[in-house]
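The chain contents come next:
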Amino acid sequence: MRHIISITDLSLEEINELIKSAQDIIANPDRYKESCRDRKLATLFYEPSTRTRLSFEAAMYELGGRVIGFSEASSSSAAKGESVADTIRTVSCFADIITIRHPKEGAPTVAANHATVPIINAGDGGHNHPTQTLADLLTIKNEKGRFEGLTIGLCGDLKFGRTVHSLITALCRYPDIRFVLISPEELKVPSYVKLPLKEGKVPYTQTTDLVRVLPELDILYMTRVQRERFFNEDDYVRLKDSYILTLEKLEYAKTDLSIMHPLPRVNEISMAIDSDPRACYFRQVMNGKYIRMALILKLLEVQA
Ligand code: NCD
């Protein structure tokens, strides 16, 4: 039985296989319609979600399976004081696979320690979000056809943004990648995330100036300032509009730049950019469903 708590729970070969599997699902959706017949996915969401939860649910339905779960802690026995461990023991009796999102870092690890079915981390606090990374990698592969040789700019809240942490961890395992980390001083990438960059000798630069580095980038991954992780609302208000990508700024960018965002967007990307072919973020959403279909098949060991 496999759990996906961190993106490092998958080898590079397995990630590449998942990407291939998702591409096959995109090309031949009918072939997978009954793959998870009589299987159940549980979605246990202790934190708000639109894309992650609904894409997991849509993924399971499109595989012919069923879905149970809750979308807020207040409607589960967590509101009565039940532990994650006891909830997971319980849900393991009902479901064949469980996804969990929780505000506390490490909650999915606790879940995995008490589960009798596979656990997937759908986001734990400001820590990790491995399935968003799978969606991001599929998007990069589909948009660029490769990982090698890319200069990838990550912009915004690199401190609390869990999608950025998992994405850096995954991408630094590919050869010939270069990162440009763009954030306010207060929201720089934590040193534990940067460690593999240093160890793997992956080149990276850090800056506060998006416009200055824009011409170098092949990919620009924008993120939201993570209001819910701030201790102080005044700090959030001061930092929230640090970066706003507009059509005027895009004049400095490569004509084949890919603009990504895990969403939700608050103010980071002007809506005028949505119709620009370089905007990938809604294709990225769609990819999230397909890669999660591939992941469910893998963890349930289903042959299509
Ligand atoms: C992200 C998350 O929840 O970490 N959203 C998502 O899953 N696509 C990013 C965010 O909330 O800013």
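Sequence order as written defines residue numbering, which begins from 1 separately in each chain. The predicted origin of the model limits local features to residues at a pLDDT of at least 70 and limits the giving and counting of side-chain atom pairs to 80 or more, whereas totals for whole chains, interfaces and linings rest on all residues. With hydrogens and water stripped out, all remaining heavy atoms of the structure feed into the side-chain values.

> When you look at the site of the ligand in this model, what are you seeing that I'm missing?
Distances are taken per atom, and a residue is near a molecule or strand as soon as one of its heavy atoms is within 4 Å of it. Around the ligand sit Thr52, Arg101, His129, Gln132, Arg162, Thr163, Arg224, Gln226, Pro262, Leu263 and Pro264, and that is every residue in its neighbourhood. Here a polar contact is taken to be a pair of N or O atoms separated by no more than 3.5 Å, where protein atoms must pair a possible hydrogen donor with a possible acceptor and residues adjacent in sequence count only if both atoms sit in side chains. Between the ligand and Arg101 there is a distance of 3.0 Å, counted from an oxygen atom to a side-chain nitrogen or oxygen. One of the side-chain N or O atoms of His129 is found 2.7 Å from an oxygen atom in the ligand. Its free accessible area being 310 Å², the ligand has 94% of it covered by the protein chains. When each cavity is represented as a set of grid points, the ligand is found to reside in the largest pocket. For the shell around the ligand, a count of residues per class yields three nonpolar, five polar and three charged. Residue burial considers only the protein chains on display, and all accessible areas are found by Shrake-Rupley using a 1.4 Å probe. Cavity and pocket criteria rest on a 1 Å grid covering protein atoms alone: a 1.4 Å probe that fits but cannot get out defines a cavity, protein on both sides within 12 Å along at least 5 of 7 lines defines an open pocket, and an atom within 4 Å of a point defines a lining residue. Cavities and pockets are treated as containing a molecule whenever more than half of the molecule's atoms lie within 2 Å of their grid points. Under the convention adopted here, Pro, Cys and the residues Ala, Val, Leu, Ile, Met, Phe, Trp and Tyr are nonpolar, Asp, Glu, Lys and Arg are charged, and Gly plus all remaining residues are polar.

> I keep staring at empty space enclosed by the protein and nothing clicks. Help me out?
Unfilled space is identified by rolling a water-sized probe across the atoms. Grid points are joined across faces, edges and corners, and a volume is the space filled by probe spheres set on the points. Considering all chains together, one arrives at one cavity of 30 Å³ or more under this definition. Roughly 60 Å³ of internal volume is contained in the largest cavity. Taken together, Arg51, Gln132, Ala135, His261, Pro262, Gln284, Val285, Gly288 and Arg292 form the lining of the largest cavity. At four residues, the largest contribution of residues to the lining of the largest cavity is made by helix α11 (residues 281-299). Among the residues forming the lining of the largest cavity, the class breakdown is three nonpolar, four polar and two charged. Residue ranges assigned to each domain were obtained from an automatic or database domain assignment. Taken together, domain 1 (7-128 + 288-299) and domain 2 (130-284) each give at least three residues to the lining of the largest cavity, which thus spans both. Every helix listed is a DSSP run of H or I at least four residues long, and every strand listed is a run of E at least two residues long, numbered separately from the N terminus.

> In this structure, what is going on with the environment of Tyr290? I would like to understand it.
Note that Tyr290 resides in helix α11. The rule is simple: take the accessible area with a 1.4 Å probe, protein chains only, and divide by the maximum for that residue type; under 20% is buried, over 50% is exposed, in between is partly exposed. With a relative accessible area of 14%, Tyr290 lands in the buried category. In this structure, the C-alpha to C-alpha distance between Tyr290 and Met1, residues 289 residues apart in sequence, is 22 Å. The contact partners of Tyr290, leaving out residues within four places of it in the chain, are Ala22, Ile25 and Ile26. Between two residues, a contact is recorded if the distance between any of their heavy atoms is within 4.5 Å.

> In this structure, what is going on with the sheet that holds strand β1 (residues 40-45)? I would like to understand it.
Pairing between the strands of a sheet is mediated by backbone hydrogen bonds and can be parallel or antiparallel. Should DSSP find at least two bridges between two strands, the strands are taken to pair. If you walk across this open sheet you meet the four strands as β2-β1-β3-β4, and the pairing is parallel. Only two strands of the sheet have a single neighbouring strand rather than two, namely β2 (66-70) and β4 (119-124). Ignoring which end each strand starts from, the neighbouring axes of this sheet average 15 degrees apart. In this sheet, β2 lies alongside β1 in parallel orientation, the contact comprising five bridges. The partner of Lys40 across the bridge, within β2, is Arg66. Here an angle of 0 to 180 degrees is reported between the N-to-C directions of two axes, which are lines fitted to C-alpha atoms, with helices fitted over the stretch in contact. Across the sheet, helix α4 (residues 107-114) touches β3 (97-102) and β4, and the angle it forms with β4 is around 165 degrees.

> How should the environment of Glu268 be read in this particular structure?
Position of Glu268 relative to the elements: it lies in the loop between β9 (258-260) and α11. Classification of Glu268 as buried rests on a relative accessible area of 4%. Taking the C-alpha atoms as reference, Glu268 lies 28 Å from Arg173; in sequence the two are 95 residues apart. In this view, Glu268 contacts Met222, Thr223, Arg224, Tyr243, Ile244, Leu245 and His261; residues no more than four positions away in its chain are not counted.

> Got a minute to help me understand helix α6 (residues 162-171) in this structure?
Summarising burial for α6: 10 of the 10 residues are buried, a large majority. Within the sequence span of α6, burial applies to Arg162, Thr163, Val164, His165, Ser166, Leu167, Ile168, Thr169, Ala170 and Leu171.

> Would you take a moment to explain the domain arrangement of the chain for this structure?
By a widespread convention, an interface's size corresponds to the accessible area lost as its parts come together. Segmenting the chain into domains produces domain 1 (7-128 + 288-299) and domain 2 (130-284). Centre-to-centre, using C-alpha coordinates, domain 1 lies 25 Å away from domain 2. In this complex, domain 1 contributes 31 residues to the contact, which on the side of domain 2 involves 26 residues. Overall, the association of domain 1 and domain 2 removes approximately 2,300 Å² of surface from exposure, summing both partners, and the carbon and sulfur fraction of that is 60%. Throughout, buried area stands for the accessible area (probe radius 1.4 Å) lost by two parts on being put together, summed over both. When the buried area of domain 1 at its contact with domain 2 is split by residue, Ile7, Leu12 and Arg51 rank highest and sum to 26% of it. The salt bridge criterion pairs a side-chain nitrogen of Lys or Arg with a carboxyl oxygen of Asp or Glu, the two atoms within 4 Å. Summed over the shared surface of domain 1 and domain 2, the number is two salt bridges.

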